[in-house]
Structure formats: structure tokens, C-alpha cells
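Summary of structural features
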Amino acid sequence: MISSTGIKERAQELLKPFAQSIGNLGVSPNTITVFGFILALVAGVLIATENLITAAAVYLLSGLCDTFDGIVARITGKKSRLGAFLDSFLDRYADFFPLAGVASLAFKHQDQLLFALTLLAIAGSFATSYARARAEALGVECKVGIMERPERFVVLLAGVATGYLSVAMSVLALLSNVTAFQRLICAVERLR
């Protein structure tokens, strides 16, 4: 079975020629990061206003930016601590905006279950990211879990593209929180 890390590495290899072309145009990795952040915001607004197909397309472009920024940084030699921080910082907002769009849509339609599931998905998403960042700040690597950021992206994208938001939010609410607790257990074990 191929791990999500293996899939990510293969995808990055396939995308290298495109990233090289972007780098050759002089587009900086930080510009790509900011553009992806803006696209995630637009996707969230489109979800909230029930333009799901357009939202899915825009969200997909946002995800591509998130993939390309790191590849472009590596192949052009423009990796920097500032760029890494900016990417991680704006990724949290890029995670939030589409989920906030779903929460807004649920609230508008008075769908209390979808609203609650979305709030749980937001909590799990942020707890997962925080657990890794805090563990790393304490000198412990903790990248474990069944629902990391790429998987969350795919589940949400599928839910938005198909309109099965309740199914997507159920999966995200459950598995993102399971992942957060997997990281908690990992950190506790390694910090003892």
C-alpha cells in the first residue's frame, strides 16, 4: 500500500516541469502562496452563496497553488524560513475559509447537523495542525494520523464538487479529530 507521503512525493515529481516553468516566469513562491490563500477565500464565499461547482474549481486551483509554492521554492533555490512561515500561517486560513463557507450555508438553511459537523471539522483541522506544530516546537516530530491536510482537502473538494456536504463533513468531523488525538498520543509518548 502506498502512503500519503509516497503519493505526495510522486505528485511532486510529476509537477516539477510545470513548477519549473512557473519559476522561469519569475513568479515567487510567496506570490503563489498568497494567490492560493486568496483563492481559498473566494472558494469559501462561493460555497456560502451556493455556487458549489465554481467553488470546487476555485478550491482546486487553491490546492494546486499550495502544492506548487513549495516545489517552486525548492527548484528555484528560493526556500526561506519566511516563506515556510508564511505558507504555514496562510494555510490555516485556507483551511478555514471553505469550511466557514459550509458552516454559513448550513446556518442559512438551518441545517443544525451540518453546522455542528462543520464546527467539529474546523476544530479537528486546527487541532491536528496545532498538535504537529507544538510538538515540533518542543523538538518532537509528530506527523502521524489518518486525515492529514491533503486528505482533508480531497474530502472537502469531493463534498463541494458533488454537493454531498453532509457526508464530507461527517468524514472530516470524525477523522480530523481522530488524527488530532493520534498526534496527542504520539506527542505524549515521545515527550515522556
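Everything below is about the structure shown above.
What this report covers is the structure whose coordinates are included nearby. (Residues numbered from 1 in each chain as written. Predicted model: local features only at pLDDT ≥ 70, side-chain atom pairs only at ≥ 80, totals over all residues. Heavy atoms only, no water.)

A separate point is the overall build of the chain. Helices and strands together make up the secondary structure of the chain, namely 7 helices and 0 strands. Going residue by residue from the N terminus, the α and β elements of the chain occur as α-α-α-α-α-α-α. Here the C-alpha radius of gyration of the chain, 17 Å, is about what a compact globule of 192 residues would show, namely 16 Å. Its C-alpha atoms give the chain principal-axis dimensions of about 50 × 45 × 35 Å. Burial analysis of the chain (192 residues in total) assigns 40% to the buried set. In the chain, of all internal contacts separated by at least 6 residues, the share reaching a separation of at least 24 is 79%. (Helix = DSSP H or I, 4+ residues; strand = E, 2+ residues; numbered from the N terminus. Rg over C-alpha atoms; globule rule 2.2 N^0.38 Å. Buried < 20%, exposed > 50% of the residue type's maximum accessible area, 1.4 Å probe, protein only. Contact = heavy atoms within 4.5 Å.)

Taken together, Val34, Ile38 and Val42 make up a surface patch of nonpolar side chains, about 200 Å² in accessible area. Here Ile38 is to be found in helix α2 (residues 29-48). (Patch = residues over 30% accessible without salt bridge, like charges linked within 9 Å, V, L, I, M, F, W, Y side chains within 5 Å. Areas by Shrake-Rupley, 256 points an atom, 1.4 Å probe, with all protein chains shown as cover. Salt bridge = Lys/Arg side-chain N within 4 Å of Asp/Glu carboxyl O.)

Attention now goes to the packing of aromatic side chains. Enumeration according to the criterion identifies 8 aromatic pairs in this entry. Both rings, one in Phe37 and one in Phe97, keep their centres 5.7 Å apart while their planes meet at 55°; by these two values the pair is tilted. Note that Phe37 is positioned in helix α2 and Phe97 in helix α4 (residues 81-108), a separation of 60 residues in sequence. Owing to a relative accessible area of 15%, Phe97 belongs among the buried residues under this scheme. Look at Tyr59 and Phe153: their rings are 4.5 Å apart centre to centre, the planes differ by 40°, and that puts the pair in the tilted class. Highlighted residues: Tyr59 in helix α3 (residues 52-75) and Phe153 in helix α6 (residues 149-162), separated in sequence by 94 residues. When sorted by exposure, Tyr59 lands in the same class as Phe153, which is buried. Aromatic ring contacts, followed pair by pair, group Phe37, Phe85, Phe89, Tyr93, Phe96 and Phe97 into a single cluster. (Phe/Tyr/Trp six-rings, centres within 6.5 Å; stacked < 30°, edge-to-face > 60°.)

Bringing the packing of α3 against α4 into the picture now. Running from N to C, α3 and α4 point in directions that differ by 165°, and their axes come no closer than 12 Å. Relative to α4, α3 is oriented roughly antiparallel. As for the relative orientation of α3 and α4, their crossing is left-handed in sense. On α4, the residues that touch Tyr59, Asp66 and Asp69 of α3 are Asp87, Asp91, Ala94 and Pro98. Split into classes, the residues belonging to the contact of α3 with α4 amount to 3 nonpolar, no polar and 4 charged. (Axes fitted to C-alpha atoms, helices over the stretch in contact; angles between N-to-C directions. Parallel < 35°, antiparallel > 145°, perpendicular 65-115°, else oblique. Left-handed = near helix turned anticlockwise from the far one by under 90°. Nonpolar A, V, L, I, M, F, W, Y, C, P; charged D, E, K, R; others polar.)

Counted by the stated rule, this structure contains 1 disulfide. Here Cys142 is linked by a disulfide to Cys186, with a sulfur-sulfur distance of 2.4 Å. Placement of Cys142 in the loop between α5 (112-137) and α6 and of Cys186 in helix α7 (residues 165-191) is noted, with a sequence separation of 44 residues between them. (Disulfide = S-S within 2.5 Å.)

For the rest of this paragraph, the subject is the environment of Phe96. Relative to the elements of secondary structure, Phe96 occurs in helix α4. As a C-alpha pair, Phe96 and Ala40 span 56 residues in sequence and 8.5 Å in three-dimensional space.

Taken as a whole, this structure holds 9 salt bridges when the rule is applied. Taking the shortest distance from any N to any O, the salt bridge between Arg149 and Asp91 comes out at 3.4 Å. With Arg149 in helix α6 and Asp91 in helix α4, this residue pair connects regions lying 58 residues apart in the sequence. A relative accessible area of 11% means that Asp91 is categorised as buried. Each member of the salt-bridge network shares a partner with another, and the members are Asp66, Asp91, Arg92, Asp95, Arg149 and Arg152.

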